[in-house]
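Structure at a glance
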Amino acid sequence: MKIRLFSAVLLAALVGMFSSPAIAQFIPHSTALPQLSPAPTLPPVSATATPTPQGRLLRYSGMLLSADRNFAFFTSGDGFRLDPTCRFVDAVSAQPTNITARTRVYARATFDASSGSIVELALSRTPLPTEASYQEIAHFAIARSTPAPNSDLKGDGPAFNGKWVTVIFRVQVPTTTALSDDVYLATDQSNWNPRAIKLDRIDALHYRATARLSSGTVLNYRYTRGSWTSTERGPTGLEEPPHSFTVQNLDVMQRNDTVAHWNDENMGAPQAGPQNIPTPFNARPFPIIP
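Described in the following lines is the structure provided in the data block.

Rules behind the numbers
Residues numbered from 1 in each chain as written. Predicted model: local features only at pLDDT ≥ 70, side-chain atom pairs only at ≥ 80, totals over all residues. Heavy atoms only, no water. Pairing = 2+ DSSP bridges. Helix = DSSP H or I, 4+ residues; strand = E, 2+ residues; numbered from the N terminus. Axes fitted to C-alpha atoms, helices over the stretch in contact; angles between N-to-C directions. Buried < 20%, exposed > 50% of the residue type's maximum accessible area, 1.4 Å probe, protein only. Salt bridge = Lys/Arg side-chain N within 4 Å of Asp/Glu carboxyl O.

The next subject is the sheet that holds strand 1 (residues 57-68). Strands sit in the order 1-2-3-5-4 around a closed barrel of five strands; the barrel is mixed. Averaged over neighbouring strand pairs, the angle between their axes works out to 60° when direction is ignored.

Next up on the list: unusual backbone geometry. Despite not being glycine, Ala94 shows a phi value in the positive range, around 65°. Turning to its location among the elements, Ala94 is positioned in the loop between strand 3 (79-90) and strand 4 (106-112). Given a relative accessible area of 44%, Ala94 falls into the partly exposed group. Phi at Trp192 takes a positive value of approximately 60°, unusual for a residue other than glycine. Mapped onto the elements of the fold, Trp192 is located in the loop between strand 7 (184-187) and strand 8 (197-198). For Trp192, a relative accessible area of 28% gives the class partly exposed.

Considering all chains together, one arrives at eight salt bridges under this definition. As a salt-bridge pair, Arg81 and Asp251 come within 2.7 Å of each other at their nearest N and O atoms. Separated by 170 residues along the polypeptide, Arg81 in strand 3 and Asp251 in the loop between strand 13 (243-246) and strand 14 (252-258) bring together distant segments of the chain. Looking at Asp251, the relative accessible area reads 27%, which means it is partly exposed. The network of salt bridges with shared partners includes Arg81, Lys163 and Asp251.

Okay, the pairing of strand 4 next. In terms of burial, strand 4 is largely enclosed, as six of its seven residues are buried. Across seven bridges, the pairing between strand 1 and strand 4 is antiparallel. Counterpart to Gly62 in the pairing with strand 4 is Ala107. One ladder, built from seven bridges, connects strand 4 with strand 5 (residues 117-124); its direction is antiparallel. Note that in strand 5 the partner of Ala109 across the bridge is Leu121.

Here's what the structure looks like:
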């Protein structure tokens, strides 16, 4: 009984001693047990995915058709927007160049992935190595746009805003067309001048030109070789109505035409000509005999 009473008194004394301010100041605060915080909730996988960095550069090389009116066009037929500050440099020295961005000139286009615009064109007269694949830059092509996504073309009729549109004309000519011949566009806007717009030759059978027209313009045109005695004819050799289209509210439109015959062509002559020359448009010109 005395032992139990002594233990109780000793325990009370110890509790009182450690609870006093004089003793408590020597007890470090770190001895207190930390408060456990609840486990954090992890974000979904989609929230932690790394986005494409702003300003990532993609470099694609190819042969140019032209680079004008704020757009660059490659022989693939696609057009890409040029950044307002786009630099034209020499592909070897990276310094300003006197090479003109035109048909048959090679270019390495540097794309800003955040805007899809070309910020630099490095020009060369010989082929250039490439870094990005065509699939990586194909979705930047503005020449692929169609009237469908434009809301102002829906409803009872189109509402044209008169914006300037780059229109690309590309034509395939008959195989009898001489390699020395020039091809032109005659339009109703030029009072049917047979040499109104001269086309650039892409290869033996294809020519190309660009023009700026305001949306809403209805253009009628024919292809000629410089005079009305050498204008285009239809598949039957007879004159057909002129080509016609309306310029839509787009950045770029593309017209792909075919000239079946020329007015001064000898339709009885053998069809042997520059069609036998391999080109990007006619890579396998010779028939395959089984």
